[in-house]
Amino acid sequence: MKNYLLQLAEQQSFTERQMKEVVEFILDEEVTESEIAAFLMGLKSKGETVEEIAGIVRALKGNTLTFKQRFPNVLDNCGTGGDGSSSFNVSTTSAFVIAGAGIPVAKHGNRSISSKTGSADVLEYLGVNLNLSAERTEEILQEIGIAFLYAPHVHPKLKKVMTVRRQLKIPTIFNFIGPLTNPIELDYQLLGVNRRDLLNVFAEVLQMLGRKRAVVINGAGFMDEASLQGENHYALLEDGVITNLTFHPEEMNLPLYNNIAIKGGDSMENSEILVNVLKGKKGAHRDTVLLNAGIGIFTAGKATSIVDGIEMAKDIIDTGKAYSKLTDLIKRSQAEKSEAI
């Protein structure tokens, strides 16, 4: 570990292969928490390259629960978090709408870190079993078209790194790469980031990871998802080309709302919001989900534009397809609790 730290101290970047080797060493060897902290801060001080981020992701994906099946056209819509907005669980709610469009969704997520309630918190409150085996998770994804992958469960070797991350209380690359480390091989990805300067960085990483199509978005107010407060910035990865674009809610035929209108609360409150949206309750919560689900549907190529994706999302909610995906996930995850590990 000493040689790796000296390389960082000299402000020398790692190749993708070198970074993969470093992280695998951290995961597999008796590395101390102080060494991990020094590595994370050294990397932050130097500044992470696209190759280094890709190397970290490949190392983490190689040390997860073993998922054997390859599902075509799977999407994830996980954000980085950390935007400080305390919004309700927008991407989690949107995932059920996207799945209702016939797009397989492997939703990767965690408990609350920077917000009051993380995706795992709200889904657990609703009755979703978070700790299924890889085999059962694959079965559920195959059966109903949506599955939840609880990050600490599918990344068991990250426990020490996460302990250091919490102790540091300073954002490092591990605060941002969660959405990149989904152990299911994805074709499509909608990834929200709270820093606009990371749009192209993450788009380039997704390109290196082989995504067919992806959208990396930073919403108005620097939210890690699309916002109805104002102008949204995003990077579109399509056919190997990254394009930077913007849109305003009015261009999407949606009303303007201040981000305060979508503040959430604890697990119970956010669960109520999620269920109400999927059952068709109108207002800022629904319109925000329509926007984000519409972008997800567009990302997976089911709609030719975001506007068309939004119109599809309206129909999916109003016909009960999105709510059915939620009830299906609860039932199917509970049905095999004996298989939890």
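Just so it is clear, the model here is predicted, and its values are computed rather than measured.

Conventions adopted
- Note on numbering: residues in each chain are counted from 1, in written sequence order.
- Restriction of local features to residues with pLDDT of at least 70 applies here, the model being predicted, together with a cutoff of 80 or more for giving and counting side-chain atom pairs; totals for whole chains, interfaces and linings are based on all residues.
- Hydrogen atoms and water are omitted, and side-chain values are computed over all heavy atoms in the structure.
- Remark: nonpolar core denotes a set of buried residues (Ala, Val, Leu, Ile, Met, Phe, Trp, Tyr, Cys) joined through side-chain atoms within 4.5 Å.
- In this scheme, a residue with accessible area under 20% of its type's maximum is buried, one over 50% is exposed, and one in between is partly exposed, where area comes from a 1.4 Å probe on protein chains only.
- Between N-to-C directions, angles cover 0 to 180 degrees, with each direction set by a line fitted to C-alpha atoms, over the stretch in contact for helices.
- In this description a helix means any DSSP run of H or I spanning at least four residues, a strand means any run of E spanning at least two, and both kinds are numbered starting from the N terminus.
- An angle below 35 degrees is treated as roughly parallel, one above 145 as roughly antiparallel, one from 65 to 115 as roughly perpendicular, and anything else as oblique.
- Less than a right angle of anticlockwise turn of the near helix away from the far helix marks a crossing as left-handed, whereas a clockwise turn marks it as right-handed.
- Working rule for contacts: check all heavy atoms of both residues, and any pair within 4.5 Å makes them a contact.
- Within this scheme a cavity is a closed region of a 1 Å grid, computed over the protein atoms alone, that accommodates a 1.4 Å probe without allowing it to escape, whereas a pocket is open but has protein on both sides within 12 Å along at least five of seven lines; lining residues each have an atom within 4 Å of a point.
- Grid points are joined across faces, edges and corners, and a volume is the space filled by probe spheres set on the points.
- The nonpolar class holds Ala, Val, Leu, Ile, Met, Phe, Trp, Tyr, Cys and Pro. Asp, Glu, Lys and Arg form the charged class, and all remaining residues, Gly among them, are polar.
- By the criterion applied in these results, polar contacts are pairs of N or O atoms within 3.5 Å in which, for protein atoms, one can donate a hydrogen and the other can accept it, and in which residues neighboring in sequence qualify only through two side-chain atoms.
- Here, strands pair whenever DSSP counts at least two bridges between them.

A. Highlighting the nonpolar core. Grouped together as the largest cluster of nonpolar side chains are 72 residues, with contacts concentrated most on Val97, Phe247, Leu291, Ile295 and Ile306. Core analysis: the next-biggest nonpolar cluster, separate from the first, contains 43 residues, Met19, Leu43, Leu60 and Leu191 among them.

B. Inspection of the packing of helix H2 (residues 16-28) against helix H3 (residues 33-46) at higher detail. Remark: H2 packs on H3, axes separated minimally by 11 Å, with the N-to-C direction vectors making an angle of 155 degrees. Accordingly, the angle class assigned to the pair H2 and H3 is roughly antiparallel. Judged by the twist between their axes, the crossing of H2 over H3 is left-handed. Mapping the contact onto sequence places Met19, Val22 and Ile26 in H2 and Ile36, Phe39 and Leu43 in H3.

C. Examining the layout of surface pockets more closely. Roughly 150 Å³ of volume is contained in the second largest pocket. Forming the walls of the second largest pocket are Lys44, Glu48, Ile53, Pro171, Thr172, Ile173, Phe176, Arg195, Asp197, Leu198, Val201 and Phe202. Taken together, the residues that form the lining of the second largest pocket break down as seven nonpolar, one polar and four charged.

D. The side chain of asparagine 292, seen in detail. Note on placement: asparagine 292 falls in helix H12 (residues 284-299). Within polar-contact distance, the side chain of asparagine 292 engages the backbone nitrogen of alanine 226 at 2.9 Å. Discounting residues that sit within four places of it in the chain, asparagine 292 has contacts with Val90, Ser94, Leu190, Glu225 and Ala226.

E. Structural detail: the environment of alanine 95. Note on placement: alanine 95 falls in helix H5 (residues 90-100). Of the residues examined, alanine 95 reaches a relative accessible area of 1% and is grouped as buried. Sequence separation between alanine 95 and leucine 75 is 20 residues; the distance between their C-alpha atoms is 9.2 Å. Beyond its immediate sequence surroundings of up to four residues, alanine 95 is in contact with Asn77, Val105, Lys107 and Ile146.

F. Structural detail: the pairing of strand E3 (residues 146-150). E3 sits mainly inside the fold: five of its five residues count as buried. Going residue by residue along E3, you find Ile146, Phe148 and Tyr150 tucked away on one face and Ala147 and Leu149 tucked away on the opposite face as well. Judged from the five bridges that link them, strand E2 (residues 105-109) and E3 form a sheet pairing that is parallel. Its bridge partner being in E3, glycine 109 is matched across the sheet by tyrosine 150.

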